[in-house]
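Chain by chain, the residues run as shown.
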Amino acid sequence: MNPSDFTEPTTGRLVPTIERQQAFVPAPLPPAFDLASVAISLMEAMQALGELKGACRRLQNPYMLVRPLQRNEALTSSAMEGTYTTDGHLLLAEAGLEAQSDESTREVINYLNALNESLDLLRTLPISHRVIKRAHEILLSGLSLHRGTQKRPGEYKRDQNWIGGRTIENARFVPPPPAETQVCMDELERYINREDASFPPPLIDLALVHYQIESIHPFADGNGRVGRMIISLMAVHSGLLDMPILYISPAMERYKDEYIDHMFNVSAKGDWEGWISFFCKRVVESCKETIRTIDRLISLQTEYRDRSSSAGRSANLAIVIDFLFERPAITVTEASQKLGVTYAAARKTIDKLVEIGIIEEIPTSYPKIFYSPTIMRASRPD
């Protein structure tokens, strides 16, 4: 890290660390920034969030949207950190066939589980060390030594980490040393849960807190994923949204280099306005994509219900179709349990859905898994 890049003293301080290098310790939030210069971006983002809330009211079952969004967020946020899997592998893992999933897929499933448990915790807890550490613990649980166990799941780092280089000497950015990390996270926890949260506006708070946790980089691994997860948690916890439907990793991924550069420029130059405007634009993109997804899902659900009505009078077809919009894969056993019928009766329902072109079998899966590729395509961003 080149200390001469850090020309704005108000954003933080440089401290000595290993290998005779220096590390950056961010100043506590909130920073001083020019609200007027980001007012238009903020207004556009708030308008987009309002339109998204309105669009969600058209959904009879909001979780036909929430689960696909979470699945795509898990795939994209993990891919930004170099962990890749496919929709097919993810469906197998979600169906409980862990033996058929590889370690990358388990990491993505872990992201989904961490996100949902964190949302559950927020019913009784504030966003705190406990919530953040628990999210990290789940994220890296059940993985090999190389991919997770040695990264100390659920614990803040003990060793100096760095970003953008194979060695610390070549790193672009060196976050706080371990000795400073707990203090930084204590300050962040106090800020998030401060009594007077009237300023900055909640949406700007999301941008500030995300930058802060990324600049602290408190864990040995998984910081980016945890940091992006907190955006979704804060959007609900702050009252910006009624349910967890803001996931900006897909929008961020398209501008990954700018995303990294903007956060670096906050640390180095104090360019809060550039970062906040960039963040708000990605929120607008995310909201618009989600609204288009809602339109596609509602249209497809109506089409599938009409198709099932034409195929027979059984309400079981419609029940399984609605289930598929939450999770587009199902086994006969799951259908039997969902419908409260025998395995043979459930098999007839599944066979009818195959016959009318709503689902198809995943090849080589055992037990047999059936899925809807059209629902999967409709639930993905453009």
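None of these values were measured; they are calculated from a predicted model. (Residues numbered from 1 in each chain as written. Predicted model: local features only at pLDDT ≥ 70, side-chain atom pairs only at ≥ 80, totals over all residues. Heavy atoms only, no water.)

### Here's the deal with the packing of aromatic side chains
Scanning all chains against the criterion turns up 12 aromatic pairs. Aromatic pair phenylalanine 33 and phenylalanine 199: ring centres 6.1 Å apart, planes at 10°, arrangement stacked. Here the residue phenylalanine 33 occupies a position in the loop between strand E2 (22-26) and helix H1 (39-56), and phenylalanine 199 occupies one in the loop between helix H6 (178-192) and helix H7 (202-216), the gap between them amounting to 166 residues. Between tyrosine 259 and tryptophan 275 the ring centres are 6.2 Å apart and the planes differ by 35°, which places this aromatic pair in the tilted class. Note that tyrosine 259 is positioned in helix H10 (residues 256-269) and tryptophan 275 in helix H11 (residues 272-311), a separation of 16 residues in sequence. Accessibility expressed as a relative area gives 0% for tryptophan 275, which makes it buried. Across from the ring centre of tyrosine 191, 3.9 Å away, lies the NZ or CZ of arginine 194, which sits over that ring. Against the face of phenylalanine 278 rests arginine 282, its NZ or CZ located 4.7 Å from the ring centre. (Phe/Tyr/Trp six-rings, centres within 6.5 Å; stacked < 30°, edge-to-face > 60°. Helix = DSSP H or I, 4+ residues; strand = E, 2+ residues; numbered from the N terminus. Buried < 20%, exposed > 50% of the residue type's maximum accessible area, 1.4 Å probe, protein only. Lys NZ or Arg CZ within 6 Å of the ring centre and 35° of its normal.)

### Examining the environment of tyrosine 255
Along the polypeptide, tyrosine 255 turns up in the loop between helix H9 (249-253) and H10. C-alpha separation for the pair tyrosine 255 and lysine 269, spaced 14 residues apart in sequence, amounts to 20 Å. Not counting the four nearest positions on each side in its chain, tyrosine 255 is found in contact with Phe278, Arg282 and Glu285. (Contact = heavy atoms within 4.5 Å.)

### As for the nonpolar core
Ranked by internal contacts, the top residues of the largest apolar core, which has 115 residues, are Leu203, Leu246, Trp275, Ile276 and Phe279. Per-element tally for this core: the top contributor is H11, with 14 residues. In this view, isoleucine 276 contacts Phe33, Val38, Ile204, Ala207 and Leu208; residues no more than four positions away in its chain are not counted. One finds Ala329, Ile362, Tyr371 and Met376 within the second-largest nonpolar core, a separate group that totals 5 residues. (Core = buried A, V, L, I, M, F, W, Y, C linked by side-chain atoms within 4.5 Å.)

### Some thoughts on the pairing of E2
For E2, the buried fraction is high: 4 of the 5 residues fall into the buried class. The sheet contact formed by strand E1 (residues 12-16) and E2 spans 5 bridges and is antiparallel. Considered in E2, the bridge of leucine 14 is made with phenylalanine 24. Following E1, the chain reverses through 5 residues before pairing antiparallel with E2; glutamate 19 in that reversal takes a positive phi of roughly 55°. (Pairing = 2+ DSSP bridges.)

### Overview of the sheet that holds strand E5 (residues 369-371)
Spatially, the 3 strands line up as an open sheet ordered E3-E5-E4, and their pairing is antiparallel. Edge strands, defined here as strands with exactly one partner in the open sheet, are strand E3 (329-331) and strand E4 (360-361). Pairing of E4 with E5, which is carried by 2 bridges, proceeds in the antiparallel orientation. Bridge pairing links glutamate 361 to phenylalanine 370 in E5. Here helix H13 (residues 332-339) sits on the sheet and contacts E3 and E5; the angle it forms with E3, its principal contact strand, is near 85°. (Axes fitted to C-alpha atoms, helices over the stretch in contact; angles between N-to-C directions.)

### So, the pattern of salt bridges
A full pass over the atoms with the stated rule returns 19 salt bridges. Here arginine 172 and aspartate 261 are joined by a salt bridge, their closest N and O atoms 2.9 Å apart. Of this pair, arginine 172 sits in the loop between helix H5 (129-139) and H6 while aspartate 261 sits in helix H10; the two residues are 89 residues apart in sequence, bridging distant segments of the chain. Ionic pairing is found between aspartate 322 and arginine 305, a salt bridge with its closest N-O pair at 3.0 Å. Of this pair, aspartate 322 sits in helix H12 (residues 315-326) while arginine 305 is found in helix H11, placing the two residues 17 residues apart along the sequence. Here the salt bridges do not stand alone but share partners, grouping Arg254, Arg282, Glu285 and Glu289 into one network. (Salt bridge = Lys/Arg side-chain N within 4 Å of Asp/Glu carboxyl O.)

### Brief notes about the environment of methionine 263
Along the chain, methionine 263 falls in helix H10. Judged by its relative accessible area of 11%, methionine 263 is buried. Residues methionine 263 and methionine 1, spaced 262 residues apart in sequence, show a C-alpha to C-alpha distance of 15 Å. Leave out the neighbours within four places in its chain, and methionine 263 touches His210, Tyr211, Glu214 and Trp275.

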